[in-house]
Amino acid sequence: MSELFEKSIRTLELPRVLELLAEQAVSAEAKARCRRLRPETEPEEVLRLLDQTDAARQMMGLRGSPSFSGVKPVAEALDRADRGGSLNPHELLTIADLLTAARRCKEYFNVDAAEKTAIDHLFLSLHGNRFLEEKIKRCLPDEDTVADAASPELADIRRHMRSAQAKSRQILQRVISSPSYAKILQETIITQRDGRFVVPVKAEHKGDLPGLVHDISSTGATLFVEPMGVVQANNEYIELQAKEQKEIERILSELSAEAAAHREDIQWDYDALVHLDVIFARGQLSYKMEAARPEVRRDGVIYLRKARHPLLDPKQAVPIDIQLGDTFDTLVITGPNTGGKTVTLKTLGLLTLMTQCGLHIPVGDRSVISVYERVLADIGDEQSIEQSLSTFSAHMVNIVSILREADRCSLILFDELGAGTDPVEGAALAIAIIQRVRSLGARAAATTHYAELKTFAMTTAGVENASCEFDVETLRPTYRLLIGIPGKSNAFAISARLGLPADVIEDAKAQMSGESVRFEDVLTQLEAKRQALEKKELEAERLYRQREEDARKAREFREQMERAKDNARSRGEAEAKRIVRDARAAADQVFQELSDMRKAQAKADRALNDNEARAALRRKLNEAEDAISKHDARQEPIPKPSRPIREGDLVEIPGVRTPAEVVSVGKDGTLQLKAGVLKMKAKANEVRLIEDDERAARKKNPSVSIRQNADRALRTSASRELDIRGLETLEAESVVENFLSAAVMGHLDTVTIIHGKGTGALRKAVHAVLRRNKAVKDFRLGVYGEGESGVTVVTLK
């Protein structure tokens, strides 16, 4: 990479974007690699980098970002361990943290994913070493501690140390507790000096307590004495301390040797994790910038749709469309100062460099970027007092260098080409420089104020005008780039709006040549027509989008209703068949019980009753099946009761085989009925009174116990879980209502509804149904292990 290319990279502010990229990385080495990133010049390499960024962004959208928190350099420590050195606890824990990060990345990666990505090989290349990781962390809970569990010998040594320490403290405790020593002690405490337990003795009584003096206070009034009875215990403790340190050094050496044995795998994991950290930083930056992948080409064509400069506030930046290299190879951008010309040039150059670095760029769909071997820019005022360079001279030094390096694989950007000198000469130079760049085969974009360059662009094939739009009414630029239209300086209009006298402006216009005036008038007319056409185009586009949206909504609604109708029909039929199937299964179980009872009992009359009960039950099941399959079955006429219905009577509702108890009779004759957990109201002429003799017969009839067994079978078969993922909202509401009804009939206390996470629309619909249903006592989202926000746990009354 040439020095001029490197300078252009700084001019276009790529390092600032790379600093934003480094902020997304976690490990220090990954941050450094982000800052060192430079544009690739081979299209295949650019495509590979973009594929990696795509894969990282896709994985982050599905599973979040993997953790790289424990990725720290370990090469130096592993080299020392490989040479036989012993690593300290900090270095060993750093290796363990790296192994933990490698293991978590392996767990993060979904090996069974159907679609393969450009970074799968990096995940698959990770080794990890859970045995060594857990061994280090078991032996070293933190940097300052070696655990007793590190070895049996260390545990035994520390047990003896605690014993010796306790023995010393017991002897000293007797000394400070003894009344005979109360007068000679400065304080009744036990302390340590040089690792040995001592007691503070008054200086005037130093001979009254036999022992070794280890220290004297700064005033000389206190001696710290180790009583003779404690010396042996303290000596034993000191010896054990030396053994402990020796065992710790042996443990650290053993762990270091194991780490050295896996040196290559651990170093490989570090490099792979740093590489993944950089890739996922690119994916994270893509999310942060709301960026997208452009189409990469080799033919020099650039087409940026709704492009934004990545360093501008996205809420304030105005998206622009830029074209270059297709029907024209040179773009001449004109317009007033502060109109956005320089930002347009920088956006063009910076987005090209970002793409060649493997980064997504803030553009719209179907944007195109070509790969260039060099992007050379002359932007900004580079006058230098030290080098005696004026603005014009500084620009010309850059341009000379650019012309030396430019070729057909170059993108050249000129800001204010030919400025800083005589306008006539500057315009001539600008045209000559553009012609030279075109002859070299390079693609170029230049900003200027010269009318001569506008005319040159209009009359030269392969050169196109562009302008930065300016609102004369508000004296503010709109920052929109208009391809194919030369820009106006708007100097007269701006001056008039700012209060310059009209006669001065007229004098100024008189100084212009007739050709220049006519040229400006033509530009004014073209601009007015363009704005009118643009308004009509925008209105037509709005109406077209509205029509398409209305048509799409109508299609979706029609398809949704068709699916809901089909699903409701099929689910209703399936539910009816399931009820009959479950009832038949319950009946078969009862039949088996009755058969066993018949074999156990020898009386013929009991056997006859069993057969009659079986026949009656089969008849009722056949009737229930006929009622389900034939919805239009006619209801039998309700016989008139022999007496008025009273509280406590049993009645039967036509079409429902379960008798209901009359709870109360209203003044208007309305009956309050109760059938199991269900309560309802009905008129007297809508129910059939179960007469006293029939009621007595029902009590004797064994079919009642058979029906109870069937109820228990239904309750047992009621499902505790419902999966509605993939259903439409209307369809899901109907299914949930049926599921809750079945759960209530099955006497279930708690059920689970699986609706998935997604957009949350299905979850909101389910919660709305639950709030309306009177059988629901409470409901909540699932917790960790239950499905979290993808399920709702419902408590029934």
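Just so it is clear, the model here is predicted, and its values are computed rather than measured.

*Asks:* Explanation requested: empty space enclosed by the protein in the structure shown.
*Replies:* Following the criterion strictly, the structure yields one cavity of 30 Å³ or more and no others. The volume enclosed by the largest cavity comes to roughly 50 Å³. Lining the largest cavity we find Asp378, Phe392, His395, Met396, Ile399, Asp415, Glu416, Leu417, Gly418 and Ala419. When the residues that make up the lining of the largest cavity are grouped by side-chain class, the tally is five nonpolar, two polar and three charged.

*Asks:* In this structure, what is going on with unusual backbone geometry? I would like to understand it.
*Replies:* The backbone of glutamate 290 shows a phi angle near 55°, a positive value even though the residue is not glycine. For glutamate 290, the location among the structural elements is in the loop between helix H11 (263-289) and strand S5 (295-297). The backbone of glutamate 416 sits at a positive phi, close to 55°, despite the residue not being glycine. Along the chain, glutamate 416 turns up in the loop between strand S11 (410-414) and helix H14 (423-439). Overall, the relative accessible area of 24% leaves glutamate 416 in the partly exposed class.

*Asks:* Help me understand the environment of leucine 762, please; the structure alone is not making it clear to me.
*Replies:* Position of leucine 762 among the secondary structure elements: in helix H23 (residues 761-772). C-alpha separation for the pair leucine 762 and isoleucine 724, spaced 38 residues apart in sequence, amounts to 8.6 Å.

*Asks:* Teacher, can you tell me more about the packing of helix H6 (residues 89-108) against helix H8 (residues 130-139) here?
*Replies:* Interaxial distance between H6 and H8 falls to 9 Å at its minimum, and their mutual angle equals 140°. Classed by the angle they form, the pair H6 and H8 counts as oblique. For H6 against H8, the interelement crossing comes out left-handed. Here Leu92, Leu93, Ile95, Ala96, Asp97, Leu99, Thr100, Arg103 and Glu107 of H6 lie close against H8, whose contacting residues are Arg130, Leu132, Glu133, Ile136 and Lys137.

*Asks:* Just checking my understanding: could you explain the sheet that holds strand S4 (residues 222-227) for this structure?
*Replies:* Strand-to-strand pairing in sheets goes through backbone hydrogen bonds, with the strands running parallel or antiparallel. Overall, antiparallel pairing links the four strands, which are arranged S1-S2-S4-S3 in an open sheet. The sheet is open, and its two edges are formed by strand S1 (191-193) and strand S3 (211-216), each paired on a single side. In this sheet, adjacent strand axes meet at a mean angle of 50° when their direction is disregarded. Judged from the four bridges that link them, strand S2 (residues 196-202) and S4 form a sheet pairing that is antiparallel. Within S4, the position partnered with valine 201 by the bridge is leucine 223. Together, S2 and S4 form the strand contacts of helix H9 (residues 152-177), whose direction differs from that of S2 by roughly 10°. The sheet contacts of helix H10 (residues 228-261) involve S2, S3 and S4, and relative to S4 the element is tilted by about 75°.

*Asks:* Can you help me understand the environment of serine 177 in this one?
*Replies:* In this fold, serine 177 is placed in helix H9. In this structure, the C-alpha to C-alpha distance between serine 177 and threonine 188, residues eleven residues apart in sequence, is 7.6 Å. Polar contacts involving the side chain of serine 177 include one to the main-chain carbonyl oxygen of glutamine 173, which spans 2.7 Å.

*Asks:* So what exactly am I meant to see when it comes to the pairing of strand S8 (residues 330-334) here?
*Replies:* The side chains of a regular strand alternate, first on one face of the sheet and then on the other. Counting buried residues in S8 gives five out of five residues, a clear majority hidden from the surface. Bridge analysis of S8 against strand S12 (residues 443-447) gives four bridges, and the strand direction is parallel. Its bridge partner lying in S12, valine 332 is registered against alanine 446.

*Asks:* Quick question: what am I supposed to make of the packing of helix H22 (residues 729-745) against H23 here?
*Replies:* Axis angle and axis distance: for two packed helices, these are the angle between their axes and the distance between the axes, and together they describe the pair. It is the contact of H22 with H23, at a shortest axis distance of 10 Å, that shows an interaxial angle of 40°. Here H22 is positioned oblique relative to H23, judged by the angle of their axes. H22 and H23 meet at a crossing whose hand is right-handed. Between H22 and H23, the contacting residues are Thr729, Ala732, Glu733, Val736, Glu737 and Leu740 on the first element and Leu762, Ala765, Val766, Val769, Leu770 and Arg772 on the second.

*Asks:* Would you explain the sheet that holds strand S20 (residues 721-723) in this entry?
*Replies:* Taking strand neighbours across the sheet as the criterion, the four strands line up as S20-S21-S23-S22 in an open arrangement whose pairing is mixed. Two strands close off the open sheet at either side, each with one partner strand: S20 and strand S22 (776-781). Within the sheet, the average angular offset between the axes of one strand and its neighbour, ignoring direction, is 20°. Across five bridges, S22 lies against strand S23 (residues 791-796) in antiparallel orientation. Bridge pairing in S23 links phenylalanine 779 to valine 794. Across the face of the sheet, H22 comes into contact with S20, strand S21 (750-754), S22 and S23 while running at roughly 160° to S21. Seen against the sheet, H23 touches S21, S22 and S23 and runs at an angle of roughly 160° to S22.

Rules of the game
- Residues numbered from 1 in each chain as written.
- Predicted model: local features only at pLDDT ≥ 70, side-chain atom pairs only at ≥ 80, totals over all residues.
- Heavy atoms only, no water.
- 1 Å grid on protein atoms, 1.4 Å probe; cavity = no way out; pocket = protein on both sides within 12 Å on 5 of 7 lines; lining within 4 Å.
- Points joined across faces, edges and corners; volume = space filled by probe spheres on them.
- Nonpolar A, V, L, I, M, F, W, Y, C, P; charged D, E, K, R; others polar.
- Helix = DSSP H or I, 4+ residues; strand = E, 2+ residues; numbered from the N terminus.
- Buried < 20%, exposed > 50% of the residue type's maximum accessible area, 1.4 Å probe, protein only.
- Axes fitted to C-alpha atoms, helices over the stretch in contact; angles between N-to-C directions.
- Parallel < 35°, antiparallel > 145°, perpendicular 65-115°, else oblique.
- Left-handed = near helix turned anticlockwise from the far one by under 90°.
- Contact = heavy atoms within 4.5 Å.
- Pairing = 2+ DSSP bridges.
- Polar contact = N/O pair within 3.5 Å; in protein donor to acceptor, adjacent residues only side chain to side chain.

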